[in-house]
Amino acid sequence: MGIKRLKMPEYSFGDKVKWHAAAVGTAFKEAFFPHTVTVHYPKERRKFPDNFRGYILFDIEKCINCWQCAFVCPANAIRMKEAPNKKYYPTIDYAKCIFCHFCVDSCVGGALRTTKIHDVAYADVNEMLAETEQLMEPPEIVREDRRYVEYVIEEDDVRLRRVKGQDYLLVEPPPRKEYSMVCVCDDPESCTGCGTCADVCEHYAISISIEGEYKVIRIDTARCTGCGLCVKECPLRVLRLVRREGEQ
Amino acid sequence: MKMLGQILELASSNRVEIPLIEPLLGMLPPPLSELAALPLWKPLFAALVVPGFATLGLLLLLLPWIERKLCARIQWRVGPKEIVSWLGGIIQLLADSLRFLFQEVIVSRDSHRPYFTQFVLLSFIPALLPMLFVAAGTIIAIRTEYSVQIMLALVCLFPVFILGMGWSSGNRFAFVGTVREAFMYFAYEVPLILSVIAMLLVFGTGDPVAIGESGRLGIVLNPLAALVFFIATAMGTSRLPFEIPEADQELAFGPFIEYSGITFGLAYVLAYEKLYVLSALFTTLFLGGGSGPMIAPLGELSGALWFVLKVIVVMVVFAALRAIYPRFRLDQALKAGWSSILAISLLAIIISSVEVVMWA
């Protein structure tokens, strides 16, 4: 077990003069043409990308009351609250929210969407619980910014580009691509032919027929709406939803 | 009345000549004009305006701002900005000092109360007395053959006061800083004095006016002495490569840690006062003092203007060091002070001697 000793790198006198000159030269250059990357926040804003995870807005028209947002929230910030129409809509507690936006990603109907607002102030913790009504309108913020700032990479270095005017903060969500799904049986040999799927299907798309000594499941893809009820009920988990053929 | 007449006569015999305001003084009736010209009496003018109080005060207000702003630019930051933002926060230090004025001065229980409160004020003795011997062009309060030597002697008194402040604080950080200050004093004092001796050898006099009028640039005559003086000034004023006694990150302002309120403000500008005195000495010895193109309407003030501009340039160079170099360790600084810097200062004396012998 020998101890490895590190030696100081040895510089010649010329090297030292060179490095001192380089340091002083850099300081001189930066003193006259600084590459300052500070954003003077209240007076100017940084331009964030459209998928910035900021304040969350809610569209009650698109909500299908599936509770997915409340289930997925890792911080337990979303609670469902009963509305006068006996349906449940989300409320977000911003004291707990960690802005992971799992709720936005998991929202089936696209009712929750993101904004670029990140500077909402509250007087106390109780106020931070945003009710459903508050979530439907963008929050009030004070805007002093006259220009916005973009970071661009030029000559392998980060530079600021200042643009006059205010950046937009409300982002329209990208159009949703909807796929029509269809039910398929992955493993017909494991199917016991219990008939649960046929019982649960509301559109009579699944039927059980007896061929010889086996019960065989038949799926009518023309009738299937891709609702997924059979997939949920199948005791052997051999049913699966896939995209309908011919669609991308 | 007779005495007043004598004083006015004395004052008018030794007046700073500024052609620009002579007609204004001529417009007043005789006794008034002589009274109005009293501040132009050379010793008074030197002590109060330039290079004395007014210049020092202005530089003390401006230099910390220049330092912070310059270092911020070099380090890709912004620096002070919010106070008078259209001027880049130029009165930041004025605002700071107002805040210091209204803050409570806390004297800690462990401190030695009389010394703790007195030393911060007494330390203005070595800071302000050298002002009397600084020559801005031809404006000087007390002109003697030994001005440079007296300035150097007074500057060398600084560490005594800093040691007193640190010792009377009764704080372990202050004590560590004090010991470091003492070590740094050992490191830089001998090379500093040797480099000044080298320059005195070349010029043959310690009279700053005569040095300025000789028309010779010290930095050309003896660049090694200039280098040693520069490094010793950086060590003596705790500029960053040798910011060892204060060492913000580990000692939190070292000997001055216990000071608060306005006493902190006074301790804070102490290093800048020392920097001003040493920069003035550097300008006098190496940059030709107040020599420069004559601006006719300003008269004698022209030399003073060049002098102050040179001092500002020197001080800004010292300020920029903060952004360029990291801090040395104490033992590294001591080793450098007693080996290479001492050797260079001895070389500088040899160069000066050779020059004196060759020209004689």
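Residues numbered from 1 in each chain as written. Chains lettered and ligands numbered in written order. Predicted model: local features only at pLDDT ≥ 70, side-chain atom pairs only at ≥ 80, totals over all residues.

Undergrad: Before we go on, may I ask you to explain the overall build of chain B in this structure?
TA: Counting secondary structure elements, chain B contains 18 helices and zero strands. Computed over its C-alpha atoms, the radius of gyration of chain B comes to 22 Å, within 12% of the 21 Å expected for a compact globule of 360 residues. Each principal axis of the C-alpha distribution contributes one length, and for chain B these read about 65 × 60 × 45 Å. Each of the 360 residues in chain B was classed as buried or not, and the buried ones make up 42%. Taking contacts inside chain B between residues at least 6 apart in sequence as the whole, the part at least 24 apart equals 79%. (Helix = DSSP H or I, 4+ residues; strand = E, 2+ residues; numbered from the N terminus. Rg over C-alpha atoms; globule rule 2.2 N^0.38 Å. Buried ≥ 20, exposed ≤ 12 C-beta atoms within 10 Å, placed from the backbone. Contact = placed C-beta atoms within 7 Å.)

Undergrad: Where do I start with the domain arrangement of chain A in this structure?
TA: Much of the literature gives interface size as the accessible area that the parts lose upon coming together. According to the domain assignment, chain A consists of domain 1 (48–139) and domain 2 (181–243). Placing the centre of domain 1 of chain A and that of domain 2 of chain A at their C-alpha centroids yields a distance of 37 Å. (Domains from an automatic or database assignment.)

Undergrad: It is not clear to me how the interface of chain B and chain A should be interpreted in this structure. Could you clarify?
TA: Of the residues lining the interface, nine residues belong to chain B; the matching set on chain A comes to ten residues. A per-class count over the side of chain B that touches chain A returns seven nonpolar, no polar and two charged. (Nonpolar A, V, L, I, M, F, W, Y, C, P; charged D, E, K, R; others polar.)

Undergrad: Where do I start with the sheet that holds strand β8 (residues 157–164) of chain A in this structure?
TA: Adjacent strands of a sheet pair through backbone hydrogen bonds, lying either parallel or antiparallel. Residue and element names in this part refer to chain A. On the basis of which strands lie adjacent, the open sheet formed by three strands has the order β1-β7-β8 and mixed pairing. Because the sheet does not close on itself, it has two edges, and the strands there are β1 (44–46) and β8. With direction set aside, neighbouring strand axes in the sheet form an average angle of 35 degrees. Across three bridges, β1 lies against strand β7 (residues 147–154) in parallel orientation. By the bridge assignment, Arg45 is partnered in β7 with Tyr148. (Pairing = 2+ DSSP bridges. Axes fitted to C-alpha atoms, helices over the stretch in contact; angles between N-to-C directions.)

Undergrad: Just to check I follow, could you spell out helix α7 (residues 113–122) of chain B for this structure?
TA: Each α-helix turn comprises 3.6 residues. Residues three or four places apart therefore point the same way. Residues and elements named next belong to chain B. Restricting attention to buried positions, one finds in α7 the residues Phe116, Phe119 and Val120. Here the buried residues of α7 occupy an arc of 95 degrees about the axis, which is enough to place them on one side. Residues of α7 that are exposed and angled more than 90 degrees away from the buried face: Arg113, Pro114 and Leu121. (Arc of directions from axis to C-beta.)

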